[in-house]
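Descriptive analysis of the structure
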Amino acid sequence: MTVLRVYLRFLSAQGECRPELIHAVPPAALRRLATLPRYASPETIERIIDSYDLSTPVGVRDRAILLLLARLGLRAGDVWRLRLADIDWANAVLCLRHGKSRQPTRLPLPQDAGDALLAYLTEARPPAREAHVFLRVQAPFRPFASASEIAGIVARAVARTGIEGVPTGSHLFRHSLATAMLRGGANLESVGTILRHRSPSTTAIYAKVDITMLEAVAQPWLGGEAC
């Protein structure tokens, strides 16, 4: 786009093009917004979540983790830091006290994610006096060392299903949730609220995956008309 603008400016200086045509090509976007968010379809997300063997403690735990990532768009760090006291069962709410904004956030706990979380706590979580919700299944029953272990759980789930062409990090679910919300009719402000973005510009990257919205604002192509 930058090269094209320079070329049009050159043609204008040579009298080969109308000067105002330069403005038909907008400046290049900021580099941090230049990439497309990588996501998967809702069907693919459900296939990954349903890939677990729920007869094992690991399967019950990891499915609960993936449902929190997929339904609430949580970051890996949110799941890693989640504590038992952060779950408000009476009101079906999660209270996230850690995040980029450092401000407490209350999020509604969807039914299936809540059921999976309850199943883990009552059937699969080791009997350990630990404040963290998610623990290792082998003694000593400690919390994960870092959020990167949550990303590893996602990577193994994707590999197990044999799905190709999708990212393997925990942000797969975050990006996929935002994309599905937009395509379902939600606006960028709603998406930003769910994802807890501090700036609207952070949410703006998802506008590029909403083809219907882009078609509504795209300008008609002038085709072969002369300058």
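A few points on the structure. Remember, predicted model here, so these are calculated numbers, not experimental data. (Residues numbered from 1 in each chain as written. Predicted model: local features only at pLDDT ≥ 70, side-chain atom pairs only at ≥ 80, totals over all residues. Heavy atoms only, no water.)

Another point: the pairing of strand β2 (residues 93-96). Here β2 shows a buried face lined by Val 93 and Cys 95 and a second buried face lined by Leu 94 and Leu 96. Where strand β1 (residues 87-88) hands over to β2, the hairpin turn is made up of four residues, of which Ala 92 adopts a positive phi near 55°. Looking at chain direction, β2 and strand β3 (residues 105-108) are connected through four bridges and run antiparallel. Residue pairing across strands places Cys 95 opposite Arg 106, the latter belonging to β3. (Buried < 20%, exposed > 50% of the residue type's maximum accessible area, 1.4 Å probe, protein only. Helix = DSSP H or I, 4+ residues; strand = E, 2+ residues; numbered from the N terminus. Pairing = 2+ DSSP bridges.)

Now for the nonpolar core. Judged by nonpolar contacts, the single largest core of 42 residues is most densely connected at Ile 65, Leu 66, Leu 68, Phe 134 and Phe 173. Elements represented by at least two residues in this core include exactly α2 (42-49), α3 (57-72), α4 (76-81), β2, α5 (111-124), α6 (148-161) and α7 (171-183). At nine residues, the largest contribution of residues to this core is made by α3. With sequence-adjacent residues up to four places away left out, Phe 173 is seen in contact with Ile 45, Ile 48, Ile 49, Leu 66, Leu 69, Ala 70 and Val 154. (Core = buried A, V, L, I, M, F, W, Y, C linked by side-chain atoms within 4.5 Å. Contact = heavy atoms within 4.5 Å.)

The three strands are arranged β1-β2-β3 in an open sheet whose pairing can be described as antiparallel. Sheet topology places β1 and β3 at the edges, where each strand pairs with a single neighbour.

With that settled, consider the pattern of salt bridges. Across all of its chains, the model carries eight salt bridges by this definition. Among the ionic pairs, Glu 46 bridges to Arg 71, the shortest N-O distance being 3.0 Å. Taken together, the residues Glu 46 in helix α2 and Arg 71 in helix α3 connect sequence positions 25 residues apart. The partly exposed category is assigned to Arg 71, whose relative accessible area is 23%. Across the pair Arg 106 and Asp 88 runs a salt bridge, and its minimum N-O distance is 3.2 Å. Highlighted residues: Arg 106 in strand β3 and Asp 88 in strand β1, separated in sequence by 18 residues. (Salt bridge = Lys/Arg side-chain N within 4 Å of Asp/Glu carboxyl O.)

Next up on the list: unusual backbone geometry. Residue Pro 140 is bonded to the preceding Ala 139 through a cis peptide linkage, with omega at 0°. Secondary-structure assignment places Pro 140 in the loop between α5 and α6. Its identity is not glycine, yet Ala 92 carries a phi of approximately 55°, on the positive side. Mapped onto the fold, Ala 92 is located in the loop between β1 and β2. Relative accessible area serves as the criterion here: at 34%, Ala 92 is assigned to the partly exposed category.

What follows concerns the packing of α3 against α6. Between two packed helices, what matters for the description is the angle formed by their axes and the separation of those axes. Running from amino to carboxyl end, α3 crosses α6 at an angle of 100°, the nearest separation of the two axes being 10 Å. By the angle between their directions, the pair α3 and α6 is classed as roughly perpendicular. Taken together, the residues of α6 that come into contact with α3 (itself represented by Arg 61, Asp 62, Ile 65, Leu 66 and Leu 69) are Ile 150, Ile 153, Val 154 and Ala 157. Among the residues forming the contact of α3 with α6, the class breakdown is seven nonpolar, no polar and two charged. (Axes fitted to C-alpha atoms, helices over the stretch in contact; angles between N-to-C directions. Parallel < 35°, antiparallel > 145°, perpendicular 65-115°, else oblique. Nonpolar A, V, L, I, M, F, W, Y, C, P; charged D, E, K, R; others polar.)

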